[in-house]
Protein chains: 2
Amino acid sequence: MSKDQNNYSSGYKAHHIRHHEWRTAENSAQNLIPILISLAKTNPNLTMLDVGTGCGTITTSLAKYMPQGRVTAVDLSPHVLSRARSLAADNAAASPAHSAVNVTFQQADAYELPFADSTFDVVHSAHMLTHLDEPWDALREMLRVTKPGGVVSVRDADMQLTSYYPELPGLLHFQELICKVMEEVSGGSAKGGRKLVSWAMRAGVRRDQIVATMSGWAYSTPEERAMISETFCDRLTIGSVGKTLLEKGLATPEQINEMVQALRAWCAQEDAFWGMAVGEVTISKTVTA
Amino acid sequence: MSKDQNNYSSGYKAHHIRHHEWRTAENSAQNLIPILISLAKTNPNLTMLDVGTGCGTITTSLAKYMPQGRVTAVDLSPHVLSRARSLAADNAAASPAHSAVNVTFQQADAYELPFADSTFDVVHSAHMLTHLDEPWDALREMLRVTKPGGVVSVRDADMQLTSYYPELPGLLHFQELICKVMEEVSGGSAKGGRKLVSWAMRAGVRRDQIVATMSGWAYSTPEERAMISETFCDRLTIGSVGKTLLEKGLATPEQINEMVQALRAWCAQEDAFWGMAVGEVTISKTVTA
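As annotated in an unreviewed UniProt entry, chain A is Methyltransferase type 11 domain-containing protein from Conoideocrella luteorostrata. Regarding chain A, the UniProt comment filed under Sequence similarities (unreviewed entry) reads as follows: "Belongs to the methyltransferase superfamily. LaeA methyltransferase family."

Written as structure tokens, this is what we have:
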């Protein structure tokens, strides 16, 4: 996505968001949890910015690890922010004792964050940089609004590192095309996870300020299989991915149907597994940086 | 590796083991740590079996999370067990307060464990099943020696899910050949990580007894880059991988040299990253299973 685009609000529909809403701190930001717990011990009034909060489920579950702190969650898309506010309210109503009341959602551009230098103790971003064509500029902006001594924690999937069992031909074709759409049409990177260290260094960070790790997502229970396969079936049949494939001549309606059938056959197999690798980088902002 | 082979002792030399000795519970068995802590709270005298302990560094670091418990660590290779005992003794001498004095090493075959049914509370195995040609039989044996109500925790890399930045041509050739050697010569699986659920079910486990997750290894600091690139340079030049590639006609000496040069060039690049996905499965042995 280039700096003058906002295809998130137009391209992401409810069926796309199904997988996004499955994401929580526990399955999608495990490395940040002990850092937040540790920082909140010495500084209960911790402040965190979440950039590209999307439907906000990672943000609100992270906020519970800093109950006296304050979290600001931003996204470019007003559409997805209204969904995030609605989900957070539902969550608070369903579980008042565990609701994250300390989260404020607001519209903002990752390339031009509307905050003063050195505002936040922690700045987090999950699965956002990989959609940008100049991710190092967004990282530089995230570092700017981080306090000296603070932490920037970012993560992105390495979509090319996706594993399927069984490896049905239709799934492998789907994998090839979803990476092509990501790279050639949407202007993102299907290999974001492995590039985070290089993006951070391009943003001006020294190697010794960075801790890089790799984690992942796995889908294999009946519920997880249904969630991930239905998400992608919908994106192929009624969502923007199928539309793009047809418009760009990357797939025929018959091929789209074959991919949908493969996703459904995979979902129906009880011992099926779908894994995806996720790169993680934690940057310590030095007092002089 | 078939049931009548033991190529581990002959194929694994000191330079191979460099990467193996880097492995600890913290970087290679993160999902088991909270389980051990939780179990040791209610049962301080917890017993654990580690199958395929190798040089034992994961085993001894896991043992520290169950300080009053007892750990039995087995491997097929007497050669690597003597290395494990020596490393454990060095570790104990260097850090007496943190040494894992509760670990016993012994020689055993994963296909025929010399223990009675229902002996251990926890049975663990890291990066071993993927080397076997009948991993489900080893899993069935691990389940046999686990107490009803106990846990079997296994993990294996999905070697095909390896990411390099930068993607030097010599590295991609190396990746292709190392997977080929693993699959076609050694009789293992280069896609073990994604198959663990299916292997567990083939061993007689119900899907609802399994929790499947995905984690990973990342190499990007100067020390990590040197460790992983030197390990593989040595395996290509003086180790069994290079010898196998030449013997099987899979690579020429010039191609081996190109791969070594690529590994060194990758190592020298400050923003380089190497990630590998690891599949994890935790099986709860039911009282009736």
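### Structural notes on the relation of the copies chain B and chain A
Superposing chain B onto chain A requires a rotation of 180° together with a translation of 0.0 Å along the rotation axis, leaving an RMSD of 0.0 Å. Expressed as an axis order, the relation between the two copies is that of a two-fold axis. Residue Ser215 of chain B, judged by its C-alpha, is the member of chain B lying nearest the rotation axis, at 2.1 Å. With an isologous cut-off of 70% or more, the 100% of interface residues of chain B that recur at the interface of chain A puts this contact in the isologous class.

### Things to note about the interface of chain B and chain A
Across the contact, 31 residues belong to chain B and 31 residues belong to chain A. Three residues, Arg194, Arg207 and Met214 of chain B, lead the burial of chain B against chain A; their summed loss comes to 26% of the area buried on that side. Between the two partners, chain B and chain A, sit four salt bridges. Glu167 of chain A is the partner of Lys191 of chain B in a salt bridge, and the nearest nitrogen-oxygen pair spans 2.4 Å. If you look at where chain B meets chain A, you find eight residue pairs in polar contact (both at pLDDT 80 or more). Elements that contribute at least two residues to the side of chain B that touches chain A include exactly β5 (146–165), α9 (192–202), β6 (210–219) and β7 (273–284) of chain B. A per-element tally of the side of chain B that touches chain A places β6 of chain B first, with seven residues. The class makeup of the residues in the side of chain B that touches chain A is twelve nonpolar, ten polar and nine charged.

### Concerning the packing of aromatic side chains
Residue and element names in this part refer to chain A. According to the stated counting rule, one finds 18 aromatic pairs over all chains in the structure shown. Considering the side-chain rings of Tyr219 and Trp274, the 6.3 Å spacing of their centres and the 85° angle between planes classify their relative orientation as edge-to-face. You can see Tyr219 sitting in strand β6 (residues 210–219) and its partner Trp274 sitting in strand β7 (residues 273–284), a full 55 residues away along the chain. With respect to class, Tyr219 is no different from Trp274; both count as buried.

### A look at α9 of chain B
The element α9 of chain B is largely enclosed, with a buried count of nine among its eleven residues. For α9 of chain B, the set of buried residues is Gly192, Gly193, Arg194, Leu196, Val197, Ser198, Trp199, Ala200 and Met201 of chain B.

### Observations regarding the pattern of salt bridges
All names here are of chain A. Taken as a whole and assessed by the stated rule, the structure comprises 20 salt bridges over all chains. Where Asp121 meets Lys147, a salt bridge forms, and the shortest distance between an N and an O atom there is 3.3 Å. Taken together, the positions of Asp121 in strand β4 (residues 120–126) and Lys147 in strand β5 (residues 146–165) put the pair 26 residues apart, joining distant regions of the chain. A residue is classified by how much of its surface remains accessible, and Asp121, at 12% relative accessible area, is buried. When its relative accessible area of 31% is taken as the criterion, Lys147 is described as partly exposed.

### Concerning the side chain of Thr244 of chain A
Residues and elements named next belong to chain A. Residue position: Thr244 is located in helix α11 (residues 240–247). Looking at Thr244, its side chain comes within polar contact range of the main-chain oxygen of Ser240, at 2.7 Å. For Thr244, the contacting residues outside a window of four places in its chain are Val181 and Val185.

### Details of the environment of Asn43 of chain A
Relative to the elements of secondary structure, Asn43 of chain A occurs in the loop between α4 (32–42) and β1 (47–51). Expressed as a C-alpha distance, the spacing of Asn43 of chain A and Leu132 of chain A, which sit 89 residues apart in the sequence, is 33 Å.

### Some remarks on the pairing of strand β1 (residues 47–51) of chain B
Residue and element names in this part refer to chain B. Of all the five residues making up β1, five are buried; the element is thus mostly covered by neighbouring parts of the structure. Bridge count between β1 and strand β2 (residues 70–75): five bridges; the pairing is parallel. Bridged to Met48 within β2 is Val71. Between the parallel pair β1 and β2, the chain is carried across by helix α5 (residues 57–63), and the sense of this crossover is right-handed.

### Considerations on the nonpolar core
Of all hydrophobic cores here, the largest spans 74 residues; its most connected members are Leu139 of chain A together with Leu139 of chain B. The contacts of Leu139 of chain B, once residues within four sequence positions are left out, are Leu129, Val152, Val154, Trp199, Ala200, Ala203 and Ile283 of chain B.

What counts and what doesn't
- Residues numbered from 1 in each chain as written.
- Chains lettered and ligands numbered in written order.
- Predicted model: local features only at pLDDT ≥ 70, side-chain atom pairs only at ≥ 80, totals over all residues.
- Heavy atoms only, no water.
- UniProt positions renumbered as here; feature names shortened; annotations may be inferred.
- Least-squares fit on C-alpha atoms with pLDDT ≥ 70 in both.
- Contact = heavy atoms within 4.5 Å.
- Buried area = accessible area lost by both parts, 1.4 Å probe.
- Salt bridge = Lys/Arg side-chain N within 4 Å of Asp/Glu carboxyl O.
- Polar contact = N/O pair within 3.5 Å; in protein donor to acceptor, adjacent residues only side chain to side chain.
- Helix = DSSP H or I, 4+ residues; strand = E, 2+ residues; numbered from the N terminus.
- Nonpolar A, V, L, I, M, F, W, Y, C, P; charged D, E, K, R; others polar.
- Phe/Tyr/Trp six-rings, centres within 6.5 Å; stacked < 30°, edge-to-face > 60°.
- Buried < 20%, exposed > 50% of the residue type's maximum accessible area, 1.4 Å probe, protein only.
- Pairing = 2+ DSSP bridges.
- Right-handed = clockwise from strand over helix to strand, strands pointing away.
- Core = buried A, V, L, I, M, F, W, Y, C linked by side-chain atoms within 4.5 Å.

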